[in-house]
Amino acid sequence: MRKLLLLNGPNLNRLGKREPEVYGKTSLAEVESRLQQVAQDIGYELECKQSNHEGDLIDWIHNAEDEGIEGIIVNPGAFTHYSYALRDAVASVKTPVIEVHISNVHKREPFRHHSVIAEVSVGQIVGLDLYGYELALMGLIHFIKGVDHV
Ligand code: DQA
């Protein structure tokens, strides 16, 4: 089966408990299983991983290319705003990457307004709550298929 990867970065293991007014009340496990179901329904296997450590995310991005994974959805958490190492990892692989943010980072503190990942990713989904993960999945598959219309 064609394979995709969902990566969540630091603090996203706390989804459901962490600032629920910003990130909602749903756990990461629930988000992952819902997304795996959606992916499976359209013929893709979705592997889901989370880490609070930058190096894990970097290794998983490298491995994704080596393993023939066709695309990556990533919520890099706060690494979004300053991790040049993560940015370089995304740039180092041919595997397309879509960035997701649950909250609207542009409405929040100024340090959240910039993403160092944005310029090396296919696109971004921002501020559409947990539904953003599903939109990112659809967007990634659309990109992989190379369709240039809706
Ligand atoms: C986030 C936004 C980041 O600024 C923050 O550090 C996160 C989550 C989001 O999904 O809205 O951890 O990526």
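Further up the page is the structure itself.
Now for a look at the structure at hand. (Residues numbered from 1 in each chain as written. Predicted model: local features only at pLDDT ≥ 70, side-chain atom pairs only at ≥ 80, totals over all residues. Heavy atoms only, no water.)

## Considerations on the side chain of Ser103
Examined against the element boundaries, Ser103 turns out to sit in the loop between strand 4 (97–101) and strand 5 (123–126). A distance of 2.9 Å separates polar atoms of two side chains, one belonging to Ser103 and the other to Arg108. Excluding residues that lie within four positions of it along the chain, Ser103 makes contacts with Val22, Tyr23, Arg108, Val126 and Gly127. (Helix = DSSP H or I, 4+ residues; strand = E, 2+ residues; numbered from the N terminus. Polar contact = N/O pair within 3.5 Å; in protein donor to acceptor, adjacent residues only side chain to side chain. Contact = heavy atoms within 4.5 Å.)

## What about the packing of helix 2 (residues 28–41) against helix 5 (residues 131–145)?
Interaxial distance between helix 2 and helix 5 falls to 10 Å at its minimum, and their mutual angle equals 30°. Comparing the axis directions of helix 2 and helix 5 gives the class roughly parallel. Crossing of helix 2 over helix 5 shows right-handed handedness. The residues of helix 5 that touch helix 2, namely those facing Val31, Arg34, Leu35, Val38 and Ala39, are Tyr133, Glu134, Leu137 and Met138. Tallied by class, the residues present in the contact of helix 2 with helix 5 amount to 7 nonpolar, no polar and 2 charged. (Axes fitted to C-alpha atoms, helices over the stretch in contact; angles between N-to-C directions. Parallel < 35°, antiparallel > 145°, perpendicular 65-115°, else oblique. Left-handed = near helix turned anticlockwise from the far one by under 90°. Nonpolar A, V, L, I, M, F, W, Y, C, P; charged D, E, K, R; others polar.)

## Examining the site of the ligand
Near the ligand you find Arg18, Tyr23, Asn75, Gly77, Ala78, His81, His101, Ile102, Ser103, Val105 and Arg112, and these make up its full shell. The contact in question runs from an oxygen atom of the ligand to an N or O atom on the side chain of Ser103, over 2.6 Å. Contact with the protein chains hides 99% of the accessible area of the ligand, taken as 320 Å² for the molecule alone. A per-class count over the shell around the ligand returns 4 nonpolar, 5 polar and 2 charged. (Near = heavy atom within 4 Å. Areas by Shrake-Rupley, 256 points an atom, 1.4 Å probe, with all protein chains shown as cover.)

## Considerations on the pairing of strand 3 (residues 71–75)
Judged by how many residues are buried, strand 3 sits mostly within the fold: 5 of 5 residues are covered. Side chains Gly71, Ile73 and Asn75 project from strand 3 onto one buried face, and the interleaved Ile72 and Val74 project onto a second face that is buried too. Sheet analysis places strand 3 next to strand 4, joined by 3 bridges and oriented parallel. Each bridged residue has a counterpart across the sheet, and for Ile73 the counterpart in strand 4 is Ile98. For the crossover that starts at strand 3, traverses helix 4 (residues 84–92) and ends in the parallel strand 4, the hand is right-handed. (Buried < 20%, exposed > 50% of the residue type's maximum accessible area, 1.4 Å probe, protein only. Pairing = 2+ DSSP bridges. Right-handed = clockwise from strand over helix to strand, strands pointing away.)

## A closer look at the pattern of salt bridges
If you walk through the whole model with that rule in mind, you get 9 salt bridges. With its nearest N and O atoms 2.6 Å apart, the salt bridge here joins Arg2 to Glu70. Taken together, the positions of Arg2 in strand 1 (residues 2–8) and Glu70 in the loop between helix 3 (54–66) and strand 3 put the pair 68 residues apart, joining distant regions of the chain. Here Glu70 falls in the partly exposed class, since its relative accessible area comes to 21%. One salt bridge in this structure joins Glu119 and Arg87, with 3.5 Å as the shortest N-O distance. Placement of Glu119 in the loop between strand 4 and strand 5 and of Arg87 in helix 4 is noted, with a sequence separation of 32 residues between them. Using a relative accessible area of 64% as the deciding quantity, one classes Glu119 as exposed. It is possible to trace a salt-bridge network through shared partners that takes in Lys3, Glu47 and Lys49. (Salt bridge = Lys/Arg side-chain N within 4 Å of Asp/Glu carboxyl O.)

## Some remarks on the environment of Ala39
Along the chain, Ala39 falls in helix 2. On the basis of relative accessible area, Ala39 is assigned to the buried category, the value being 0%. Excluding residues within four positions of it along the chain, Ala39 makes contact with Tyr44, Leu46 and Leu137.

## Some remarks on helix 3
If you check helix 3, its first and last C-alpha atoms are 19 Å apart, about what 13 residues at 1.5 Å a residue would give, namely 18 Å. Within helix 3, the full set of buried residues consists of Leu57, Ile58, Trp60, Ile61 and Ala64. Burial along helix 3 is one-sided: seen end-on, the buried residues are contained in an arc of 165°. At its buried positions, helix 3 is contacted by strand 1, strand 2 (44–50), strand 3 and helix 4. (Expected span 1.5 Å × (residues − 1). Arc of directions from axis to C-beta.)

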